[in-house]
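One letter stands for each residue in the lines below.
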Amino acid sequence: MNSISRVEGRLKVTGAARYSADYPVDGLTNGYLVLSTIGRGTIRGVDTTAARRSPGVLAVYTHADPLPLFGGAESGVGYNWLPLRDDQVRYHGQIVGLVVAETFEQARDAAALVRVDYASVRPRTSLRDGIPGATLPDDVNGEPPLLDLLADGVGSIDQALGASEVVVTATYTQPIEYHSAMEPHAAIAVWRDGYLTLYCGAQAPQLAAGTIAATVGVDPSRVHLLSPHVGGGFGNKILTWGHPVLAAAAAKALGRPVRIVLTREQTFGVTGHRSAMSQTVSLGADRGGRLTAVKHDAYAGLSSGGDGFLYEAAPHTTSRSFYASPNIHVGQRLVTLDVPPQTPMRAPGPEAGSFALETAMDELAVRLGLDPVELRLRNYATTYPGRGVPWSGKHLDECYRVGAEAFGWSRRAPVPRAVDGEWLIGTGMATAAYPAARYRTTGKVRLQADGTAVVSTATSDLGTGMWTVLAMIGADALGIPVGRVRSALGDSALADNPGAFASAGTASSGPAVHAAALSATRALIDLAVTHERSPFHGMDRNQVRYERGDVVGPKRRIAFGTLLGITDRAGIDATETSALGPERERFAFTSFGAHFCEVAVNRWTGEPRVRRVTTVIDAGTIVNEKTARSQIVGGVIFGIGQAFLENTHVEPDTGRIANANLADYVVPVGTDIPPIDVRFLEHPDTVFNPLGVRGIGELGTVGIAAALGNAVNHATGRRVRDLPITLDKLLDA
């Protein structure tokens with residue numbers, strides 16, 4: 001495995017890297033959003049008189065004095081409504097106004113003077129209370145929301161459970177979770193000669209540019225979105241939210257650039273979250289530990305104002321495929337709530353689903369008196385359940401063995417409640433698996449006369465290392481040092497790319513860039529044998545080859561930059577597109593891993609502390625071990641937050657998020673994080689793509705909360721099924 005530091009690292013540590021709100025623009029104005037203060041109802045009236053008279057104010061927009069926007073629920077914006085288009089309030093924190101002024105402070109102060117009169121209705125805020133009225137989505141990941149895979153002669157999953165020798169059943173819950181990226185959402189919109197330039201953090205620059213073009217009523221070719229650096233996204237910068245749409249529309253109306261930067265509190269309402277979840281898992285097994293039935297039903301919150309994002313398919317992405325069982329039932333239902341919109345959040349589906357399934361597997365292991373690793377090995381799936389196709393590459397059993405040895409699992413206390421002074425010590429483990437995605441993507445490579453190369457595609461780098469990975473892939477294909485390769489990304493004008501999400505960034509962009517690099521070398525050879533000033537002119541093409549940055553022929557070898565200079569060419573370009581082919585029908589594609597962890601729980605206070613974590617990953621070729629490890633560590637930290645800290649408090653009467661800040665919405669900090677040992681099994685998956693890479697960005701957070709909860713149970717004997725696992729749930733354990 002190669003391991004190099006980030007090529008953009010110096011820009012970031014010196015502060016030279018520009019994020020969405022950082023661009024210097026002449027004549028810049030500032031917008032500030034006015035948000036609803038009720039959870040559901042209608043707007044009876046708006047008084048903007050004082051705000052309009054406030055110093056520096058240029059305009060105040062509301063539904064009564066709106067900006068021209070086009071489209072509706074189909075527009076691609078992260079809501080099923082467009083901002084300031086009607087008098088309906090769908091949740092607390094919805095955009096109901098925009099003030100534009102010369103400075104941020106003037107806009108903020110004027111926004112506080114806007115008076116909105118509401119007719120309020122009590123909002124629906126409780127997932128539990130809404131479960132009786134839950135509905136079924138049309139489909140989940142292309143499958144029915146209720147799916148049964150039953151053995152011949154078995155009439156129902158309940159029949160299979162009834163015939164099982166051992167059954168465990170439990171319900172597991174977790175609250176709404178927020179992404180809490182370091183970079184607040186922001187946008188700067190600049191119009192010039194009918195063309196819009198937008199600086200906006202986006203995981204999918206071309207998708208965002210197209211969405212905004214539609215909402216402001218211009219051709220997509222007239223919108224140029226730049227997002228070279230994204231200060232964290234985790235899924236929350238895939239969809240387009242209201243602030244860039246309003247910034248673009250206001251800038252067009254005023255004839256001046258407009259910048260809107262959300263406050264931390266505003267991000268909790270204007271942008272999305274991971275839905276609250278309630279899941280019931282029943283596992284049937286024989287006394288030897290082999291599963292005979294798996295039943296997994298989930299309920300997820302669906303915002304009445306959200307865009308209909310339904311990928312909270314915990315059962316369909318976990319119990320559907322994690323283990324072999326002759327009888328499997330998965331079901332997904334939705335509960336409509338008057339809360340801010342749901343949206344993708346790192347490992348949507350498997351993050352929540354793995355907590356339920358992997359905790360249930362631990363409960364089954366305890367019931368049977370089996371080692372949790374052995375239980376998983378006895379139910380190892382070699383073909384994808386219900387499809388009967390093999391995985392393109394699966395070495396999960398090796399993850400278990402390597403992880404257990406590295407962690408020292410064999411020294412695990414045979415019974416719970418091992419004592420170390422004032423601490424109870426426990427260990428736990430869980431499986432990680434996440435679907436490997438690969439999308440149709442175009443890459444471009446330019447060889448330049450100065451001997452350098454540029455690799456480009458319209459993806460983004462959310463801090464995941466894409467700047468570096470693309471440079472490394474280009475350098476490897478061209479046979480030149482990474483220092484001679486420059487990446488270009490985060491720009492909607494570059495080669496077609498769906499964006500960075502679904503752990504598909506490297507698996508999609510990498511093969512396209514690699515193919516473009518090889519194509520560029522072929523174009524270089526064509527130039528060498530056809531250009532009259534080339535020293536290879538007139539030679540048979542088979543006599544000339546490209547080799548490690550040079551064009552090589554009989555008795556002559558020159559650098560590609562020299563050849564371009566001789567032929568008066570500034571550069572030579574090649575573009576290639578890469579996508580999955582018929583192999584998608586013959587194989588299942590998944591990345592795998594295993595977590596092992598040690599947790600200490602204070603005997604007197606109930607405080608849980610993570611002492612150490614070992615994670616082993618099977619994700620094909622690892623392009624850059626350094627940034628790959630960073631992604632897995634980040635995922636584990638995500639899981640620590642899920643397990644012990646993160647909890648959104650929604651006030652039942654108002655729908656207000658009471659802890660919409662980073663003081664009260666608690667995420668892990670340095671002192672919460674133990675040593676994390678990450679190990680990679682490098683088994684290239686060349687069935688999936690020529691580079692053999694699969695995604696890892698979301699894999700690291702799948703299963704870690706369950707592993708930690710299982711360790712807590714081993715430490716205390718107490719099973720906590722409702723996240724987060726806070727000390728009040730462990731007092732007197």
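A quick note: this is a predicted structure, and the numbers were derived from the prediction, not measured. (Residues numbered from 1 in each chain as written. Predicted model: local features only at pLDDT ≥ 70, side-chain atom pairs only at ≥ 80, totals over all residues. Heavy atoms only, no water.)

Help me understand the overall build of the protein chain in this model?
The secondary structure content of the protein chain amounts to 18 helices and 27 strands. For the protein chain, the C-alpha radius of gyration of 27 Å lies close to 27 Å, the compact-globule estimate for 733 residues. Across its three principal axes, the protein chain shows a C-alpha extent of roughly 80 × 75 × 55 Å. Within the span of the protein chain, comprising 733 residues, buried residues form 59% of the whole. Expressed as a percentage of contacts within the protein chain between residues at least 6 apart in sequence, the contacts between residues at least 24 apart total 80%. Within the structure as shown, the protein chain displays about 27,000 Å² of accessible surface, and the carbon and sulfur contribution to it stands at 50%. Distance between charge centroids for the protein chain: 3 Å, based on 68 positive and 72 negative side chains. (Helix = DSSP H or I, 4+ residues; strand = E, 2+ residues; numbered from the N terminus. Rg over C-alpha atoms; globule rule 2.2 N^0.38 Å. Buried < 20%, exposed > 50% of the residue type's maximum accessible area, 1.4 Å probe, protein only. Contact = heavy atoms within 4.5 Å. Areas by Shrake-Rupley, 256 points an atom, 1.4 Å probe, with all protein chains shown as cover. Lys, Arg positive; Asp, Glu negative; His and termini not counted. Charge placed at Lys NZ, Arg CZ, Asp CG, Glu CD.)

Before we go on, may I ask you to explain the packing of helix H6 (residues 205-216) against helix H7 (residues 242-254) in this structure?
Packed helix pairs are specified by the crossing angle of their axes together with the interaxial distance, meaning the distance between the axes. Taken N-terminus to C-terminus, the directions of H6 and H7 make an angle of 50°; their axes are 10 Å apart at the nearest point. Considering the angle they form, H6 stands oblique to H7. As for the relative orientation of H6 and H7, their crossing is right-handed in sense. In this structure, H6 uses Ile212, Thr215 and Val216 to contact H7, whose residues at the interface are Pro244, Val245, Ala248, Ala249 and Lys252. (Axes fitted to C-alpha atoms, helices over the stretch in contact; angles between N-to-C directions. Parallel < 35°, antiparallel > 145°, perpendicular 65-115°, else oblique. Left-handed = near helix turned anticlockwise from the far one by under 90°.)

Even after reading the chapter, I still don't get unusual backbone geometry, so can you show me in this structure?
Glycine aside, negative phi is the norm for most residues, and most peptide bonds take the trans geometry. The residue after Leu723, namely Pro724, is reached through a cis peptide bond having omega -5°. Position of Pro724 relative to the elements: it lies in the segment after helix H18 (704-716). The phi torsion at Leu84 lies on the positive side, around 65°, for a residue other than glycine. Tracing the backbone shows Leu84 in the loop between strand E3 (57-62) and strand E4 (88-89). Phi angles above zero are rare outside glycine, and Ser503 is one such case at about 55°. Among the structural elements, Ser503 can be located in the loop between strand E20 (485-488) and helix H14 (505-530).

How should I be thinking about the nonpolar core in this particular structure?
Here is a general trend for soluble globular proteins: nonpolar side chains tend to be buried in one another's company. Formed by 81 residues in total, the largest nonpolar core has its most connected members in Leu283, Leu364, Phe596, Phe644 and Leu708. One finds Ile473, Ala475, Ile525 and Phe587 within the second-largest nonpolar core, a separate group that totals 45 residues. (Core = buried A, V, L, I, M, F, W, Y, C linked by side-chain atoms within 4.5 Å.)

Sorry, what's going on with the side chain of Ser275 here?
With respect to the helices, strands and loops of the structure, Ser275 is situated in the loop between helix H8 (264-270) and strand E13 (277-285). Within polar-contact distance, the side chain of Ser275 engages the backbone oxygen of Gly301 at 2.7 Å. (Polar contact = N/O pair within 3.5 Å; in protein donor to acceptor, adjacent residues only side chain to side chain.)

As far as function goes, none of this settles anything; it's purely spatial.
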